[in-house]
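# Report on the structure
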Amino acid sequence: MQTILITGGAGFIGSHVVRLFVNNYPDCRIVNLDKLTYAGNLENLRDVENAPNYTFEKGDIVDADFIFSLFEKYNFDGVIHLAAESHVDRSIANPMEFINANVIGTVNLLNAAKHFWKDISGKRFYHISTDEVYGSLGADGLFTETTAYDPRSPYSAAKASSDHFVRAWFHTYNLPVVISNCSNNYGPNQFPEKLLPLFINNIVNMKPLPVYGKGENIRDWLYVIDHAKAIDLIYHKGKIGETYNIGGHNEWKNIDLIKVLCKIMDKKLGREPGTSETLISYVKDRAGHDMRYAIDASKIKKELGWVPSLQFEEGLDKTIDWYLANKKWMDNVTSGEYQNYYKDQYENR
Ligand code: NAD
Ligand code: DAU
């Protein structure tokens, strides 16, 4: 029986990846390692927590001794590394946490894999990264796998650094690694500090929608389960030492997306058309706000046959329905500390 370590499996993307692997590979033991920060929530995995091939371990990837003991205990065949601090605004306020979790945490995992994988046959260290490492695009062009790194926020600088370390362990120590860089994910279980779940929750509660700057920044949106499927393919079929870009070919200017969201929400909530748009409030821009991200996903399509399965309209609809049907989840994750974060981030902006 193969044993795969998935880090950050209680978070947004990680929980979808854990579910997919637990369900699709019953002969494979899935160990989910998560520190359960504010962003990690075991409620995201209630439906698989009793599966015979699933184990949860609470722990911190920054703790090198703990990571070594975990490798010793399970003798992992593979690692899918998602654990990270993931929110750009938080990285601006508190960069050190991002350097620790995203850089030191990743190097600890690389070191453990290098130490325990004396025989590398069948082994794989898969590092999940972001398109933000490539920097900011103007009106034209797409990020490809050969675009030069140009990170601009503490978050993206930490992710870029971790990508470099992963490649260094490949070239220097022959560790069998693979990396993917993905665009903005959306879908169920995303913490409501990120644009879509934050705005859905605020619309439900008739709270202001804080649009940074003029709302002209552009993001390329991908449904989270399509990302999880790409991760499955890359883990099993991706070439060692390679990088794959993953994206939705689905660019939206923030303000256009927000207006579409408002219209759909009015309908779903049975409100007068135009009600939600009155909540739009232009606020101070994010420091160093990257203008545009857009991914060229032709390599993963050509080499591994991956394309997104969901049209954006369908994905957005499913996403909104999920948040409306899971009010208890939203209430749980927004209780306690979240209230202080929200005040600092928005009410005092
Ligand atoms: P998330 O913030 O929802 O989840 C991160 C998870 O990692 C949480 O469960 C948290 O508890 C855990 N974690 C954080 N620090 C840890 C530590 N020191 N030790 C152990 N666990 C720790 O993030 P997400 O949006 O699901 O992103 C997952 C990964 O995918 C990240 O590496 C992120 O950079 C990358 N990514 C995200 C997106 C996106 O749009 N969300 C796009 C591309 C890549
Ligand atoms: O591109 C991939 C990245 O996408 C991931 O690596 C990150 O982990 C993930 O958080 C996401 O980063 P963004 O900064 O693009 O996502 P966020 O949801 O924070 O913001 C999306 C856009 O919306 C961005 O241009 C900022 C803007 N925004 C965001 C928030 C939270 C607002 O205008 N108002 C807001 O309140």
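Computed from a predicted structure; not experimentally measured.

### Overview of the pairing of strand S8 (residues 209-212)
Burial along S8 is two-sided: Leu209 and Val211 and Pro210 and Tyr212, pointing in opposite directions, are all buried. Relative to strand S12 (residues 280-283), S8 runs parallel, the two sharing 4 bridges. Among the inter-strand pairings, tyrosine 212 is bridged to a residue of S12, identified as valine 283.

### Structural notes on the site of ligand 1
Looking at ligand 1, there are 27 residues lining it, with Ile13, Asp34, Ser86, Tyr155 and Lys159 nearest. Interatomic distance of 2.8 Å between a side-chain N/O atom of aspartate 60 and a nitrogen atom of ligand 1. Contacts to ligand 1 include leucine 82, whose backbone N or O atom sits 2.9 Å from an oxygen atom. For ligand 1, whose accessible area on its own is 830 Å², the fraction buried by protein is 96%. Among the elements of the structure, helix H1 (12-24), strand S5 (124-130), helix H5 (154-173) and strand S7 (184-186) are those that each provide at least two residues to the shell around ligand 1. Here the element with the most residues in the shell around ligand 1 is S5; it accounts for 3 residues. Here the residues of the shell around ligand 1 are counted per class, giving 12 nonpolar, 11 polar and 4 charged.

### Side note on the domain arrangement of the protein chain
For interface size, the figure often reported is the accessible area lost on association. Taken domain by domain, the protein chain consists of domain 1 (2-186 + 221-246) and domain 2 (195-218 + 252-290 + 314-342). Taking only C-alpha atoms, the centre of domain 1 and the centre of domain 2 are 27 Å apart. Counting residues at the interface gives 14 residues for domain 1, matched by 16 residues for domain 2. Between domain 1 and domain 2, a total of about 1,400 Å² is buried, with carbon and sulfur atoms accounting for 52% of that surface. Across the contact surface, domain 1 and domain 2 share 1 salt bridge. Of the charged contacts in the structure, one is a salt bridge between arginine 286 and aspartate 89, with a shortest N-O distance of 2.7 Å. At the boundary of domain 1 and domain 2, one finds 5 residue pairs in polar contact (both at pLDDT 80 or more). Listing elements by their share of the side of domain 1 that touches domain 2, those giving two or more residues are helix H3 (88-93) and strand S9 (218-223). Here the side of domain 1 that touches domain 2 gets 4 residues from one element, more than from any other, and that element is H3. Within the side of domain 1 that touches domain 2, the residues separate by chemical class into 5 nonpolar, 5 polar and 4 charged.

### With respect to the site of ligand 2
Surveying the vicinity of ligand 2 reveals 25 residues, the closest of which are Thr130, Asp131, Tyr155, Arg286 and His289. In this structure, leucine 195 approaches ligand 2 through a main-chain N or O atom, which is 2.8 Å from an oxygen atom. Contacts to ligand 2 include arginine 219, whose side-chain N or O atom sits 2.8 Å from an oxygen atom. Surface burial for ligand 2 is 95%, taken as the share of its 690 Å² of free accessible area covered by protein chains. Contributions of two or more residues to the shell around ligand 2 are made by helix H6 (195-204) and S8. Residue classes in the shell around ligand 2 are distributed as 11 nonpolar, 8 polar and 6 charged. Two domains each provide a minimum of three residues to the shell around ligand 2, namely domain 1 (2-186 + 221-246) and domain 2 (195-218 + 252-290 + 314-342).

### Quick word on the packing of aromatic side chains
Tallied over the entire structure, the rule returns 23 aromatic pairs. For the pair tyrosine 186 and phenylalanine 312, a centre-to-centre distance of 5.1 Å together with 75° between the ring planes defines the contact as edge-to-face. Taken together, the residues tyrosine 186 in strand S7 and phenylalanine 312 in helix H10 (residues 312-325) connect sequence positions 126 residues apart. On the basis of relative accessible area, tyrosine 186 is assigned to the buried category, the value being 1%. With a relative accessible area of 7%, phenylalanine 312 lands in the buried category. Ring centres of tyrosine 323 and tryptophan 329 lie 6.1 Å apart, and the angle between their planes is 65°; this geometry places the pair in the edge-to-face category. In this structure tryptophan 329 comes out as buried when scored by relative accessible area, which is 5%.

### A word on the sheet that holds strand S6 (residues 177-182)
Spatially, S3-S2-S1-S4-S5-S6-S10 is the arrangement adopted by the 7 strands of the open sheet, whose pairing is parallel. Lying at the two open borders of the sheet, with one neighbouring strand each, are strand S3 (54-58) and strand S10 (243-246). The mean inter-strand angle of the sheet, taken between neighbouring strand axes irrespective of direction, is 20°. Bridge count for S6 against S10 is 4 bridges, and the pairing is parallel. Paired with serine 180 across the strands is tyrosine 244, a residue of S10. Contacts from H5 reach S5, S6 and S10 within the one sheet, and its direction differs from that of S5 by about 155°. Its contacts with the sheet place helix H7 (residues 224-237) against strand S1 (2-7), strand S4 (78-81), S5, S6 and S10, and it is angled at close to 145° to S5.

### Examining the pattern of salt bridges
Within this structure, the stated rule accounts for 13 salt bridges. A network of salt bridges, in which partner residues are shared, links Arg90, Glu193 and Lys194.

Rules behind the numbers
- Residues numbered from 1 in each chain as written.
- Chains lettered and ligands numbered in written order.
- Predicted model: local features only at pLDDT ≥ 70, side-chain atom pairs only at ≥ 80, totals over all residues.
- Heavy atoms only, no water.
- Buried < 20%, exposed > 50% of the residue type's maximum accessible area, 1.4 Å probe, protein only.
- Helix = DSSP H or I, 4+ residues; strand = E, 2+ residues; numbered from the N terminus.
- Pairing = 2+ DSSP bridges.
- Near = heavy atom within 4 Å.
- Polar contact = N/O pair within 3.5 Å; in protein donor to acceptor, adjacent residues only side chain to side chain.
- Areas by Shrake-Rupley, 256 points an atom, 1.4 Å probe, with all protein chains shown as cover.
- Nonpolar A, V, L, I, M, F, W, Y, C, P; charged D, E, K, R; others polar.
- Domains from an automatic or database assignment.
- Contact = heavy atoms within 4.5 Å.
- Buried area = accessible area lost by both parts, 1.4 Å probe.
- Salt bridge = Lys/Arg side-chain N within 4 Å of Asp/Glu carboxyl O.
- Phe/Tyr/Trp six-rings, centres within 6.5 Å; stacked < 30°, edge-to-face > 60°.
- Axes fitted to C-alpha atoms, helices over the stretch in contact; angles between N-to-C directions.

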